[in-house]
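Survey of secondary and tertiary structure
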Amino acid sequence: MMKKGKCILLYSGGLDSLIAGKILIDQGLEVIGLHCILPYFPPDMDPDQLKESVNAKQIGLNLVHYRCGEEYISMLKNPLHGYGKQINPCIDCKIFFINKAAEMMLETGADFVATGEVVGQRPMSQHKNTLIHIENSTLKGRLLRPLSAKLLNPTIPEIEGIVDRENLYDISGRGRTRQIALAASLGIKDFSSPAGGCLFTDAFIAARIKDLMKYNPDFKQRDLYLLKTGRHFRINPDLKIIVTKNQNESLELDKYERDSDFFFRPGFSGPSVLVKGVLKEEDINLINSIMCRYGKPTSEENNITIYKNNNIHRELKCIEPISDAELDKYRI
Ligand code: SF4
């Protein structure tokens, strides 16, 4: 007869964490899924609407969402174990998540923390040595990886009989065949793709984050979120602009006017521009020409309004659009 137990599952919405959760739920454990939300997600988003939250329902997993904020960002700026191919601090990111799960384990009186990690699956964060290193630095025998447990030393919940080691697995390597078969046998149909399209692994976003790190090292969560919105241009070390691509983005960017130093709105069908930094006369002309490049001013509708602190600062008339070759010099 197994003892009843409670655990915190580090949950990503991917196949492996869903399988890990289902294995433990099927063993009669109370499982709380800790879903860490990276700082570039919209600040006003409802986490229950995320695909990951919907995926959790199919295994009856209750989630607690944790919004990664300033603490995560300071790790991102200076990860102890460095970056992967782009600006992804995978090892420190995992340590961060596991530390949050450990905190939650203590707060809730849970017996252990579980993850969907697989030995040898990812070169950067999941090879065996890294798994052991993470465990030693935080949870001391209370970190269980149900998918690879039989390849690792027994953890305290296994030794104490809270978890049945016989019903855990010995999966290793990068292949997905065993997980896919296991998921089918456990009735798991919907899951997010591996790494869930983490933006920190995206070369395009990485370039924008590197720009922030160089010119605006004090950046905050909303700056990371805005990296996904619009076209970004570095005009000079003291000035960066975000130019929207469509009306939805313009409506979204409107919400961040208070975070801007200046905000340009077109009186024609065209982009809004959020300005961060010091705006000189020649920059005003440059931004005007960029708005005209992406917008469609007409002989009747050809004015631009500059706002500062929500008040009208100045009105402009459209000028000649900038050439693409010239514009590309500023693009981030
Ligand atoms: S891919 Fe992204 S979410 Fe996953 S460990 Fe790396 S930085 Fe963290």
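Residues numbered from 1 in each chain as written. Predicted model: local features only at pLDDT ≥ 70, side-chain atom pairs only at ≥ 80, totals over all residues. Heavy atoms only, no water.

1. Describing the pattern of salt bridges
Any two side chains of opposite charge can pair, so long as their charged atoms come close to each other. Under the counting rule described, the total for this entry stands at 18 salt bridges. Between Glu103 and Lys100 there is a salt bridge, with the nearest N and O atoms lying 3.4 Å from each other. One end of the pair, Glu103, and the other, Lys100, are both in helix H4 (residues 90–108), 3 residues apart, so they sit about a helical turn from each other. Judged by relative accessible area, Glu103 falls into the partly exposed class, the value being 36%. Under the relative-accessibility criterion, Lys100 is labelled buried at 9%. Between Arg165 and Glu158 there is a salt bridge whose closest N-O contact spans 2.8 Å. (Salt bridge = Lys/Arg side-chain N within 4 Å of Asp/Glu carboxyl O. Helix = DSSP H or I, 4+ residues; strand = E, 2+ residues; numbered from the N terminus. Buried < 20%, exposed > 50% of the residue type's maximum accessible area, 1.4 Å probe, protein only.)

2. Comments concerning H4
For H4, spanning 19 residues, the distance from its first C-alpha to its last is 27 Å, which sits close to the expected 27 Å at 1.5 Å a residue. Considered for burial, the residues of H4 that qualify are Ile91, Asp92, Cys93, Ile95, Phe96, Phe97, Ile98, Lys100, Ala101, Ala102, Met104 and Met105. Within two residues after H4, Gly109 carries a phi angle of roughly 70°, on the positive side. (Expected span 1.5 Å × (residues − 1).)

3. Topic: the pairing of strand E1 (residues 6–10)
Across the 5 residues that make up E1, a large majority, 5, are buried. Because side chains alternate across E1, one face comprises the buried residues Lys6, Ile8 and Leu10, and the other comprises Cys7 and Leu9, equally buried. Direction of pairing for E1 relative to strand E2 (residues 30–37): parallel, over a ladder of 5 bridges. Bridge pairing links Cys7 to Val31 in E2. Taking the sense of rotation as the criterion, the β-α-β connection linking E1, helix H1 (residues 15–26) and E2 turns out right-handed. (Pairing = 2+ DSSP bridges. Right-handed = clockwise from strand over helix to strand, strands pointing away.)

4. Some thoughts on the site of the ligand
Around the ligand, the neighbouring residues are Leu38, Pro89, Cys90, Cys93, Cys198 and Thr201. Counted by class, the shell around the ligand contains 5 nonpolar, 1 polar and no charged residues. (Near = heavy atom within 4 Å. Nonpolar A, V, L, I, M, F, W, Y, C, P; charged D, E, K, R; others polar.)

5. Overview of the sheet that holds strand E3 (residues 62–67)
Ordered in space as E3-E2-E1-E4-E5, the 5 strands form an open sheet in which the pairing is parallel. Only two strands of the sheet have a single neighbouring strand rather than two, namely E3 and strand E5 (143–144). Bridge analysis of strand E4 (residues 112–114) against E5 gives 2 bridges, and the strand direction is parallel. Across the sheet, residue Val113 finds its bridge partner in E5, namely Leu143. Sheet contacts for H1: E1, E2, E4 and E5; angle to E1, the most-contacted strand, approximately 170°. (Contact = heavy atoms within 4.5 Å. Axes fitted to C-alpha atoms, helices over the stretch in contact; angles between N-to-C directions.)

6. As for the domain arrangement of the protein chain
When cut into domains, the protein chain gives domain 1 (6–198) and domain 2 (229–328). On a C-alpha basis, the centres of domain 1 and domain 2 stand 43 Å from each other. (Domains from an automatic or database assignment.)

7. Observations concerning the nonpolar core
Counting 35 residues, the largest nonpolar core has Ile8, Tyr72, Phe97, Phe200 and Leu224 as the members making the most contacts within it. Breaking this core down by element, the ones donating at least two residues are E1, E2, helix H3 (70–77), H4 and helix H8 (203–215). When residues in this core are grouped by element, the largest group, 8 residues, is from H4. Residues contacting Phe97, with those up to four places away along its chain left out, are Leu10, Leu34, Cys36, Leu38, Cys68 and Tyr72. The next biggest cluster of nonpolar side chains, apart from the first, holds 28 residues, and it includes Leu18, Ala56, Leu61 and Leu168. (Core = buried A, V, L, I, M, F, W, Y, C linked by side-chain atoms within 4.5 Å.)

8. Focus on the sheet that holds strand E7 (residues 239–243)
Two modes of strand pairing occur in sheets, parallel and antiparallel, and in both the strands are linked by backbone hydrogen bonds. The antiparallel open sheet is built from 6 strands, whose spatial order is E6-E7-E9-E8-E10-E11. Each end of this open sheet is capped by a strand with a single partner; those strands are strand E6 (231–236) and strand E11 (311–317). In this sheet, adjacent strand axes meet at a mean angle of 20° when their direction is disregarded. In this structure, strand E8 (residues 262–266) lies alongside strand E9 (residues 273–277), joined through 3 bridges in antiparallel fashion. The residue of E9 that forms the bridge with Phe263 is Leu274. Its contacts with the sheet put H8 on E6 and E7, and the angle it makes with E6 is roughly 30°.

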